[in-house]
Amino acid sequence: MIAAQAALETRMLLRNGEQLLLTVIIPTLLLVLFSTVDIVDTGTEQAVDFLAPGVLALAVMSTAFTGQAIATGFERRYGVLKRLAASPLPRWALMAAKTVSVLVTEVLQIVLLTVIALALGWSPHGSPVAVLLLLVAGTAAFSGLGLLMAGTLKAEATLAAANLVFLLLLVGGGVIVPLDRFPDAAQDVLGLLPISALSDGLRDVLQHGAGMPWGNLAVLAVWAVAGLAAAGKFFRWE
């Protein structure tokens with residue numbers, strides 16, 4: 001049942017034009033544009049070396065947080081979740097299916113963005129295990145926050161808030177603009193955001209060849225535990 005529901009969730013996600021824009025088109029355009037046009041000083045000889053890890057983090061956020069929050073919010077509004085909760089599929093299995101759908105979509109995103117980045121001259125380094133752990137922790141953190149938003153706000157409010165947060169974190173999360181371009185006081189706050197922890201952690205590994213960035217992983221773990229716990233407690237199915 002979980003596999004069938006996950007396949008359905010994935011098809012619905014990929015057929016939705018707005019979700020496709022967020023999950024595939026925007027990250028791809030940002031990667032290509034800022035890698036080929038000298039708009040932002042990334043402090044690296046090859047801009048793609050700085051941008052690729054940040055765009056991978058953005059792709060995770062767009063699927064696990066923004067896309068999932070909007071889709072789940074409207075499913076809740078139209079009574080889809082209420083009907084599914086009354087079906088033989090347990091509620092925990094529905095959440096598991098949504099998680100699997102997010103992971104499948106992320107794999108497709110990461111493969112596509114990696115191929116494009118390599119074509120643009122990207123030379124990644126570091127441990128694949130460290131990258132995988134960061135991506136999983138980031139997915140858990142953003143999923144918890146997305147489900148919390150979808151399960152507590154009205155659908156229209158979720159739509160507006162999720163897109164606003166996406167734009168704010170795109171600008172201030174170290175995805176395109178390095179955090180050291182911001183004032184010192186702002187850097188300390190921005191560095192604690194999940195998008196900053198994920199993008200900086202991926203950058204440490206893939207750009208600089210560092211080992212496991214434990215500090216960034218710890219930040220993501222705290223967000224994941226807090227977000228999933230809050231979503232489990234406050235999520236309303238109706």
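The rules behind these values
- Residues numbered from 1 in each chain as written.
- Predicted model: local features only at pLDDT ≥ 70, side-chain atom pairs only at ≥ 80, totals over all residues.
- Heavy atoms only, no water.
- Helix = DSSP H or I, 4+ residues; strand = E, 2+ residues; numbered from the N terminus.
- Rg over C-alpha atoms; globule rule 2.2 N^0.38 Å.
- Patch = residues over 30% accessible without salt bridge, like charges linked within 9 Å, V, L, I, M, F, W, Y side chains within 5 Å.
- Areas by Shrake-Rupley, 256 points an atom, 1.4 Å probe, with all protein chains shown as cover.
- Salt bridge = Lys/Arg side-chain N within 4 Å of Asp/Glu carboxyl O.
- Buried < 20%, exposed > 50% of the residue type's maximum accessible area, 1.4 Å probe, protein only.
- Phe/Tyr/Trp six-rings, centres within 6.5 Å; stacked < 30°, edge-to-face > 60°.
- Lys NZ or Arg CZ within 6 Å of the ring centre and 35° of its normal.
- Core = buried A, V, L, I, M, F, W, Y, C linked by side-chain atoms within 4.5 Å.
- Contact = heavy atoms within 4.5 Å.
- Axes fitted to C-alpha atoms, helices over the stretch in contact; angles between N-to-C directions.
- Parallel < 35°, antiparallel > 145°, perpendicular 65-115°, else oblique.
- Left-handed = near helix turned anticlockwise from the far one by under 90°.

Caption draft 1: The arrangement of the overall build of the protein chain in detail. On a plain count of helices and strands, the protein chain comes out with 10 helices and 0 strands. Start at the N end of the protein chain and walk to the C end: the helices and strands fall as α-α-α-α-α-α-α-α-α-α. A globule of 238 residues ought to have a C-alpha radius of gyration of about 18 Å, and the protein chain, at 18 Å, matches this closely. Counting only C-alpha atoms and orienting by the principal axes, one finds that the protein chain spans roughly 55 × 35 × 30 Å.

Caption draft 2: Region of interest: a nonpolar patch on the surface. Nonpolar side chains collect at one region of the surface, where Leu14, Leu20, Leu21, Ile25, Leu29, Val100, Val104 and Leu108 lie side by side and expose about 610 Å² of accessible area between them. Of all the elements in the fold, those that place two or more residues in the nonpolar patch are helix H2 (17-36) and helix H5 (91-119). Counting residues per element, the nonpolar patch draws most heavily on H2, which supplies 4 residues. Summarising the element assignment, valine 104 is placed in helix H5. Under the relative-accessibility criterion, valine 104 is labelled partly exposed at 36%.

Caption draft 3: Region of interest: the packing of aromatic side chains. Taken as a whole and judged by the stated rule, the model has 2 aromatic pairs. Relative to tryptophan 237, the ring of phenylalanine 235 has its centre 5.4 Å away and its plane inclined at 70°; by these criteria the two rings are edge-to-face. Accessibility assignment for this pair places phenylalanine 235 and tryptophan 237 in one class, buried. Residue placement shows arginine 203 over the ring face of phenylalanine 50; its charged tip is 3.8 Å from the ring centre.

Caption draft 4: A look at the environment of leucine 89. As for its position among the elements, leucine 89 is in the loop between helix H4 (80-85) and H5. For leucine 89, a relative accessible area of 6% translates into the label buried. Sequence separation of leucine 89 and leucine 170 is 81 residues, and the distance between their C-alpha atoms is 36 Å.

Caption draft 5: How the structure looks around the nonpolar core. Core analysis: the biggest nonpolar cluster contains 48 residues, and Leu31, Met61, Phe142, Leu198 and Leu202 have the highest contact counts within it. Secondary-structure elements contributing two or more residues to this core are H2, helix H3 (47-77), H5, helix H6 (128-152), helix H7 (155-172), helix H9 (194-206) and helix H10 (214-234). With 16 residues, the single largest contributor to this core is H3. Contacts of phenylalanine 142, omitting those with residues within four sequence positions, involve Val60, Met61, Ala64, Phe65, Pro194, Ile195 and Leu198.

Caption draft 6: How the structure looks around the packing of H3 against H5. Relative to each other, H3 and H5 sit at 150°, their axes nearing to 10 Å. When the axes of H3 and H5 are compared, the pair comes out roughly antiparallel. The chirality of how H3 crosses H5 is right-handed. Along its contact with H3, which presents Val48, Ala52, Val55, Leu56, Ala59, Val60, Ser62, Thr63, Ala64, Gln68, Thr72 and Glu75, the element H5 presents Lys98, Val102, Thr105, Glu106, Gln109, Ile110, Leu113, Thr114 and Ala117.

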